[in-house]
Amino acid sequence: MDCLFCRIIAGQIPGNFVHQDETMVAIKDVNPQAPLHVLIIPRRHIATLNDLSVEDDALVGSLFRRAAAIAKEHGYDERGYRTVFNTNGEAGQSVFHIHLHLLAGRGLEWPPG
Ligand code: AMP
Ligand code: ZN
């Protein structure tokens, strides 16, 4: 298994888990870009958003709803937060197993860099 996030999900590499259920996990980003930086990751290996099919619609919705729940748990639901999927090279995707970034706890610039 050469996918970093598959290995974290399998317990072969440690992760700082903030949520786990049948379909997804959420871990703290090891190189946080904001006071709260969590990655919401489906258990199933999907390389990029380009690989999603209609059968994944509910899964993707549940990733966003989990991001909102984690933001709320940390008190950022009203202050604000950002959710981002990076896809492929120019967006800076570095791990090719889709993951929703949740960033909160500081003013976030727009447009992003
Ligand atoms: P992306 O660049 O959008 O593919 O995001 C990958 C993210 O994974 C980056 O924000 C990294 O800091 C993060 N990351 C890399 N290795 C680990 C790890 N072992 N545990 C948690 N997060 C990681
Ligand atoms: Zn994977």
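Novice: How should I be thinking about the side chain of His99 in this particular structure?
Specialist: Note on placement: His99 falls in the loop between helix H3 (88-91) and strand E5 (100-104). At a separation of 2.7 Å, a polar atom in the side chain of His99 contacts the main-chain carbonyl oxygen of His97. Discounting chain neighbours no more than four positions away, the residues touching His99 are Phe5, Leu39, Ile40, Ile41, Val84 and Phe85.

Novice: What's the story with the coordination of the zinc ion (ligand 2) in this structure? I'm lost.
Specialist: Four donors placed tetrahedrally about a metal ideally form angles of 109.5 degrees, and six donors placed octahedrally ideally form angles of 90 or 180 degrees. Protein-derived ligands of the zinc ion (ligand 2) are Cys3 (SG), Cys6 (SG), His45 (ND1) and His97 (ND1), with the metal-ligand distances lying across 2.0 to 2.3 Å. Geometry at the zinc ion (ligand 2) is tetrahedral, judged from the 4 donor atoms that bind it and their angles of 106 to 118 degrees at the metal. If you list the donors of the zinc ion (ligand 2) from N- to C-terminus, the spacing comes out as C-x2-C-x38-H-x51-H. Of the two residues, Cys6 sits in helix H1 (residues 4-9) while His97 sits in the loop between H3 and E5, which places them 91 residues apart along the sequence. Of the two residues, Cys6 and His97, both sit in the buried class.

Novice: What is the right way to look at the site of ligand 1 in this model?
Specialist: Residues in close proximity to ligand 1 total 16 residues, the closest being Asp29, Asn86, Ser94, His99 and His101. In this structure, a nitrogen atom belonging to ligand 1 sits 3.3 Å away from a main-chain N or O atom of Val30. Between Gly92 and ligand 1, the recorded distance is 2.9 Å, taken from a backbone N or O atom to an oxygen atom. In the complex, the protein chains occlude 81% of the 510 Å² of accessible area that ligand 1 would expose alone. A majority-of-atoms criterion places ligand 1 in the largest pocket. Looking at the shell around ligand 1, the elements that each hand over two or more residues are H1 and strand E2 (24-28). Tallying contributions element by element places H1 first for the shell around ligand 1, with 3 residues. Of the residues belonging to the shell around ligand 1, the class tally is 7 nonpolar, 7 polar and 2 charged.

Thresholds, definitions, all that
- Residues numbered from 1 in each chain as written.
- Chains lettered and ligands numbered in written order.
- Predicted model: local features only at pLDDT ≥ 70, side-chain atom pairs only at ≥ 80, totals over all residues.
- Heavy atoms only, no water.
- Helix = DSSP H or I, 4+ residues; strand = E, 2+ residues; numbered from the N terminus.
- Polar contact = N/O pair within 3.5 Å; in protein donor to acceptor, adjacent residues only side chain to side chain.
- Contact = heavy atoms within 4.5 Å.
- Donors = N, O, S within 2.8 Å, 3.2 Å for Na, K, Ca; no water.
- Tetrahedral: all angles 85-135°; square planar, octahedral: opposite > 155°, others 65-115°.
- Buried < 20%, exposed > 50% of the residue type's maximum accessible area, 1.4 Å probe, protein only.
- Near = heavy atom within 4 Å.
- Areas by Shrake-Rupley, 256 points an atom, 1.4 Å probe, with all protein chains shown as cover.
- 1 Å grid on protein atoms, 1.4 Å probe; cavity = no way out; pocket = protein on both sides within 12 Å on 5 of 7 lines; lining within 4 Å.
- Sits in = over half its atoms within 2 Å of the grid points.
- Nonpolar A, V, L, I, M, F, W, Y, C, P; charged D, E, K, R; others polar.

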